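# Inside the fold
Listed below are the residues making up each chain.
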Amino acid sequence: MSIPLPTDLSPRPLGYLRDVLGPAVTGDEQLLPLLTEEPSRYTPWEGPGPRVRYLGHACALVEWKGITILVDPVISARPSEGGMSRLTFHELPPRIDYALITHSHPDHLAIDTLRRLRHRIGHLVVPRCNGFLVGDYSPKLLAHSMGFQNVLELDTYESIPLPDGELIAVPFLGEHGDIGHAKSSYMVRPGKQQLLFAADSMCVDDAVYRNMRQAVGPIQTVFMNTEFEGAPHTWTLEAPFPKKRDRKLEKNRRCRGSNTNEGLRILELVGASRLYNYAMGLEPWLEHIIGPPSPPEAPRMKESERLLTEARARGISAERLVGPTDLLLGA
């Protein structure tokens, strides 16, 4: 049996939807709140350089020579929430060539968004899972269970060619108690630009980024979180141990990203000239996942401000991203 295209790309009359859904719908009042007559508002990007359309939190759309790459998609049908406007499914391209997942936390791997975009995504790119940690799972197997057919599970430094460019999976430590497991950052090269979507990476060891620069060259633009407090990692390690153990070391293994000094070190090691501090949980539509946005006086926000200030003092263009923003990075 063929599956019809979703109505966001192939509009249908109300009567058609009643017939398809059958007895599940008892009246039009069930359908009408879910529908709109508004057409797609997406305009393809044809500029000389890449456009990065920041959608909020860790979600960004990279457009380059007809190729579209969506990073950590967390999208909603509502155009605004909590007084902040947002880009919705109507602003996304009808085809997303590559959707990238950095790791399995729900503010980066949103099942509701992926299901809604499944028919648009050409390839879903996920990090490799080795099944080591309790409580973690394989993003590839999850994707297959959701109906994705083209799932690419990249190892470190495996790449995908783009027109005059490349997409490379690069190391991601931090989160998961610093353990390199089922997570990957991505370096996107559209033309001469190199963009690192580092998510919640932490600079555990200089060698990681020194080797990264040696492998791919200088990375001009870094998107990086500064969640430097994080949560204890012990809850994922309880089950394998049948009796009490010394937990002193575990208290230092936090699910966190870089603090200011670690973040600055990453920027220095990869040769960055531009920093976008993102994935700070400041958009109101993330509350159901990570709680209310932090006030300016919160430690994580003070750390973010410190990173931006010290990066600028070093001659690095530094900005904190909140809500929808178009970033034109030049040819």
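What comes next is a walk through the structure.

Rules of the game
Residues numbered from 1 in each chain as written. Predicted model: local features only at pLDDT ≥ 70, side-chain atom pairs only at ≥ 80, totals over all residues. Heavy atoms only, no water. Helix = DSSP H or I, 4+ residues; strand = E, 2+ residues; numbered from the N terminus. Buried < 20%, exposed > 50% of the residue type's maximum accessible area, 1.4 Å probe, protein only. Contact = heavy atoms within 4.5 Å. Areas by Shrake-Rupley, 256 points an atom, 1.4 Å probe, with all protein chains shown as cover. Pairing = 2+ DSSP bridges. Axes fitted to C-alpha atoms, helices over the stretch in contact; angles between N-to-C directions. Core = buried A, V, L, I, M, F, W, Y, C linked by side-chain atoms within 4.5 Å. Left-handed = near helix turned anticlockwise from the far one by under 90°.

Moving on, we come to the overall build of the chain. Of regular secondary structure, the chain possesses eight helices and 18 strands. Relative to its 331 residues, the chain shows a buried fraction of 50%. Of the contacts formed within the chain by residues at least 6 apart in sequence, a portion of 70% connects residues at least 24 apart. Taken as a whole, the chain presents about 15800 Å² of accessible surface, with 54% of it coming from carbon and sulfur.

What holds strands together in a sheet is hydrogen bonding between their backbones, with the strands either parallel or antiparallel. One open sheet holds the seven strands; their spatial order is β8-β7-β6-β3-β2-β1-β18, and the pairing between them is mixed. Across the chains shown, the open sheet's two edge strands, defined by having one partner strand only, are β8 (151-154) and β18 (325-328). Geometrically, the sheet is characterised by an average inter-axis angle of 20° between neighbouring strands, direction not taken into account.

Turning next to the nonpolar core. Membership of the largest hydrophobic core comes to 29 residues, with the highest contact counts inside it found for Leu100, Phe197 and Tyr278. Put simply, the parts of the chain that give this core at least two residues each are β1 (51-56), β2 (59-64), β3 (67-71), β6 (96-100), β9 (159-162), β10 (165-170), β11 (185-190) and β12 (195-197). No other element matches β3, which puts three residues into this core. Those residues in contact with leucine 100 that lie beyond four places of it in its chain are Ile69, Leu70, Val71, Asp72, Pro73, Val125, Leu167, Tyr186 and Val188. Membership of the second largest hydrophobic core comes to 25 residues, among which are Tyr209, Val216, Ile219 and Ile316.

Now for the packing of helix α6 (residues 260-270) against helix α8 (residues 299-313). Following both chains from N to C, one finds α6 and α8 inclined at 40°, their axes separated by 9 Å at the closest point. Handedness of the α6/α8 crossing: right-handed. Seen from α6, the contacting residues are Thr260, Asn261, Gly263, Leu264 and Leu267; seen from α8, they are Glu303, Arg306, Leu307, Glu310 and Ala311.

A few words on the sheet that holds β12. Judged by pairing direction, the sheet is mixed, and its seven strands sit side by side in the order β9-β10-β11-β12-β13-β16-β17 without closing on themselves. Of all strands in the sheet, those bounded by a partner on one side alone are β9 and β17 (317-320). Adjacent strand axes in the sheet meet at a mean angle of 15°, parallel and antiparallel pairs treated alike. For β11 and β12, the ladder comprises three bridges, and the chain directions are antiparallel. Paired with tyrosine 186 across the strands is phenylalanine 197, a residue of β12. Lying on the sheet, α8 is in contact with β13 (221-224), β16 (274-277) and β17; it crosses β17 at an angle near 160°.

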